[in-house]
Amino acid sequence: MNAQQFALALSVANAAMLASLLIQPHRTAAQSVAPVLRSRALELVDDAGRVRAEIKVLPAQPTLKMPDGTTGYPETVQLRLFTSKGGPNVKLAATEDGSALVLGSDPGYVQILSRGASTFVKLVNKDGRQQTVKP
(Lines give C-alpha, C1' and ligand atoms only; values in the text may rest on other atoms or scores of the structure.)
Protein backbone atom coordinates (compact mmCIF):
# COMPACT_ATOMS: atom_id res chain seq x y z
CA MET A 1 0.00 0.00 0.00
CA ASN A 2 1.54 3.26 -1.06
CA ALA A 3 1.12 6.62 0.70
CA GLN A 4 -1.63 7.74 -1.67
CA GLN A 5 -3.77 4.66 -1.01
CA PHE A 6 -3.17 4.98 2.74
CA ALA A 7 -4.27 8.66 2.71
CA LEU A 8 -7.39 7.74 0.73
CA ALA A 9 -8.28 4.92 3.16
CA LEU A 10 -7.72 7.25 6.13
CA SER A 11 -9.92 9.94 4.54
CA VAL A 12 -12.73 7.42 3.93
CA ALA A 13 -12.51 6.21 7.55
CA ASN A 14 -12.64 9.79 8.85
CA ALA A 15 -15.64 10.60 6.65
CA ALA A 16 -17.45 7.48 7.92
CA MET A 17 -16.81 8.44 11.57
CA LEU A 18 -17.98 12.00 10.93
CA ALA A 19 -21.17 10.75 9.26
CA SER A 20 -21.94 8.43 12.19
CA LEU A 21 -21.44 11.29 14.71
CA LEU A 22 -23.76 13.59 12.75
CA ILE A 23 -26.48 10.94 12.38
CA GLN A 24 -26.59 9.83 16.06
CA PRO A 25 -28.98 11.74 18.38
CA HIS A 26 -27.10 13.77 20.97
CA ARG A 27 -27.95 13.95 24.65
CA THR A 28 -26.49 16.69 26.77
CA ALA A 29 -26.09 16.74 30.55
CA ALA A 30 -28.32 19.82 30.80
CA GLN A 31 -31.30 17.84 29.52
CA SER A 32 -31.13 15.25 32.28
CA VAL A 33 -32.76 16.19 35.57
CA ALA A 34 -32.10 14.54 38.90
CA PRO A 35 -35.43 13.30 40.25
CA VAL A 36 -34.76 14.43 43.85
CA LEU A 37 -32.40 16.81 45.62
CA ARG A 38 -31.96 15.82 49.27
CA SER A 39 -30.44 18.19 51.78
CA ARG A 40 -31.08 19.74 55.20
CA ALA A 41 -30.67 23.26 53.83
CA LEU A 42 -30.52 25.11 50.53
CA GLU A 43 -29.22 28.65 50.00
CA LEU A 44 -29.50 30.84 46.90
CA VAL A 45 -26.84 33.54 46.57
CA ASP A 46 -26.54 36.56 44.30
CA ASP A 47 -23.53 37.50 42.15
CA ALA A 48 -21.86 39.13 45.18
CA GLY A 49 -22.17 35.92 47.22
CA ARG A 50 -24.88 37.27 49.54
CA VAL A 51 -27.53 34.79 50.65
CA ARG A 52 -30.84 35.94 49.11
CA ALA A 53 -33.02 32.91 49.91
CA GLU A 54 -32.77 29.89 52.15
CA ILE A 55 -34.88 26.92 53.03
CA LYS A 56 -33.88 24.69 55.91
CA VAL A 57 -35.06 22.29 58.58
CA LEU A 58 -34.47 23.60 62.12
CA PRO A 59 -34.28 21.12 65.01
CA ALA A 60 -36.72 21.23 67.90
CA GLN A 61 -35.75 23.51 70.80
CA PRO A 62 -37.43 22.05 73.90
CA THR A 63 -36.00 24.65 76.34
CA LEU A 64 -36.65 27.81 74.29
CA LYS A 65 -38.68 30.43 76.21
CA MET A 66 -41.39 31.90 73.98
CA PRO A 67 -42.74 35.48 74.25
CA ASP A 68 -46.14 34.17 75.39
CA GLY A 69 -44.53 32.41 78.37
CA THR A 70 -44.61 28.89 77.00
CA THR A 71 -41.48 26.74 76.75
CA GLY A 72 -40.25 24.79 73.75
CA TYR A 73 -40.46 25.07 69.98
CA PRO A 74 -41.04 22.11 67.63
CA GLU A 75 -38.97 21.10 64.62
CA THR A 76 -39.54 23.67 61.88
CA VAL A 77 -39.19 23.93 58.12
CA GLN A 78 -38.36 27.54 57.30
CA LEU A 79 -38.17 29.59 54.09
CA ARG A 80 -36.61 33.07 54.24
CA LEU A 81 -36.14 35.61 51.44
CA PHE A 82 -33.62 38.44 51.95
CA THR A 83 -33.03 41.89 50.46
CA SER A 84 -29.69 42.77 48.90
CA LYS A 85 -28.81 44.42 52.24
CA GLY A 86 -29.43 41.19 54.15
CA GLY A 87 -32.76 42.00 55.78
CA PRO A 88 -35.31 39.18 55.77
CA ASN A 89 -38.46 40.42 54.01
CA VAL A 90 -40.32 37.11 53.88
CA LYS A 91 -40.31 34.31 56.43
CA LEU A 92 -42.55 31.26 56.15
CA ALA A 93 -42.42 28.51 58.76
CA ALA A 94 -44.20 25.18 59.12
CA THR A 95 -44.17 23.27 62.41
CA GLU A 96 -45.89 20.16 63.72
CA ASP A 97 -48.58 22.28 65.37
CA GLY A 98 -49.11 25.06 62.80
CA SER A 99 -47.49 27.69 60.64
CA ALA A 100 -46.43 31.33 60.49
CA LEU A 101 -45.84 33.97 57.83
CA VAL A 102 -44.02 37.28 58.30
CA LEU A 103 -43.85 39.93 55.57
CA GLY A 104 -41.65 42.90 56.41
CA SER A 105 -39.73 45.92 55.19
CA ASP A 106 -38.59 49.32 56.50
CA PRO A 107 -42.08 50.62 57.40
CA GLY A 108 -42.87 47.58 59.56
CA TYR A 109 -44.14 44.05 59.26
CA VAL A 110 -47.20 41.83 59.15
CA GLN A 111 -47.24 38.55 61.07
CA ILE A 112 -49.81 35.83 60.50
CA LEU A 113 -49.69 32.96 62.99
CA SER A 114 -51.72 29.81 63.38
CA ARG A 115 -50.10 27.49 65.91
CA GLY A 116 -51.83 25.28 68.42
CA ALA A 117 -54.67 27.22 70.03
CA SER A 118 -53.23 30.61 68.96
CA THR A 119 -54.34 32.31 65.75
CA PHE A 120 -53.79 36.00 65.02
CA VAL A 121 -52.70 38.67 62.57
CA LYS A 122 -50.33 41.33 63.91
CA LEU A 123 -49.41 44.61 62.22
CA VAL A 124 -46.35 46.49 63.53
CA ASN A 125 -44.96 49.79 62.21
CA LYS A 126 -41.37 50.99 62.46
CA ASP A 127 -42.17 53.00 65.62
CA GLY A 128 -43.18 49.79 67.40
CA ARG A 129 -46.91 50.55 67.42
CA GLN A 130 -48.89 47.40 66.80
CA GLN A 131 -52.36 46.13 66.26
CA THR A 132 -53.36 42.50 66.73
CA VAL A 133 -56.46 40.87 65.28
CA LYS A 134 -57.67 37.67 66.91
CA PRO A 135 -60.77 35.62 66.08
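Q: Teacher, can you tell me more about the overall build of the protein chain here?
A: The number of helices and strands found in the protein chain is one helix and ten strands. In summary, the protein chain has a C-alpha radius of gyration of 29 Å against a globular reference of 14 Å for 135 residues, an excess of more than 25%. Burial status across the protein chain gives 14% buried among its 135 residues. Sequence-distant contacts in the protein chain: of pairs separated by 6 or more residues, those separated by 24 or more amount to 11%. Counting only carbon and sulfur atoms, one obtains 60% of the accessible surface of the protein chain, whose full area is about 10,800 Å². Positive and negative side-chain charges in the protein chain, numbering 15 and 10 respectively, have mean positions lying 1 Å apart.

Q: How should I be thinking about the sheet that holds strand 8 (residues 108–115) in this particular structure?
A: For sheets, the rule is that strands pair by backbone hydrogen bonds, running either parallel or antiparallel. The eight strands are arranged 1-2-5-6-7-8-9-10 in an open sheet whose pairing can be described as antiparallel. The open sheet is flanked by strand 1 (41–45) and strand 10 (130–133), the only strands paired with a single partner. Averaged over all pairs of adjacent strands, the angle between strand axes in this sheet comes to 5°, irrespective of strand direction. Sheet analysis places strand 6 (residues 88–95) next to strand 7 (residues 98–105), joined by six bridges and oriented antiparallel. Within strand 7, the position partnered with Leu92 by the bridge is Leu101.

Q: What is the right way to look at the pattern of salt bridges in this model?
A: Should their charged atoms come close, side chains of opposite charge can pair. Scanning the entire structure with this criterion turns up five salt bridges. The shortest N-O distance in the salt bridge between Asp46 and Arg50 comes to 3.0 Å. Its relative accessible area of 39% is what places Arg50 among the partly exposed residues. With a shortest N-O distance of 3.5 Å, Asp46 and Arg52 are connected by a salt bridge. Residue Arg52 is classed as partly exposed on the basis of its relative accessible area, which comes to 29%.

The rules behind the values
Here the residue numbers are simple positions, counted from 1 along each chain's written sequence. The model is predicted, so local features are restricted to residues of pLDDT at least 70 and side-chain atom pairs to those at 80 or more, both for listing and for counting; the totals for chains, interfaces and linings are taken over all residues. Just so you know, side-chain values use all the structure's heavy atoms and leave hydrogens and water out. Counting from the N terminus, the helices are DSSP H or I runs at least four residues long and the strands are E runs at least two residues long. The reference for a compact globule is 2.2 Å times residues^0.38; the radius of gyration itself is calculated from the C-alpha atoms. Each residue gets one of three labels from its accessible area relative to the maximum for its type: buried under 20%, exposed over 50%, partly exposed in between, using a 1.4 Å probe on protein chains only. Should any heavy atoms of two residues lie within 4.5 Å, those residues are counted as being in contact. Per-residue accessibility takes into account occlusion by the displayed protein chains alone, with areas from the Shrake-Rupley method and a 1.4 Å probe. Residues scored as positive are Lys and Arg, those scored as negative are Asp and Glu, and His as well as the terminal groups of each chain are ignored. A single reference atom marks each charge: NZ on Lys, CZ on Arg, CG on Asp, CD on Glu. Strand pairing requires that DSSP identify at least two bridges connecting the strands. For helices, the axis comes from a line fit to the C-alpha atoms of the stretch in contact; other axes are also lines fit to C-alpha atoms, and the angle between any two N-to-C directions lies between 0 and 180 degrees. Just to be clear on terms, a salt bridge is a Lys or Arg side-chain nitrogen sitting within 4 Å of an Asp or Glu carboxyl oxygen.

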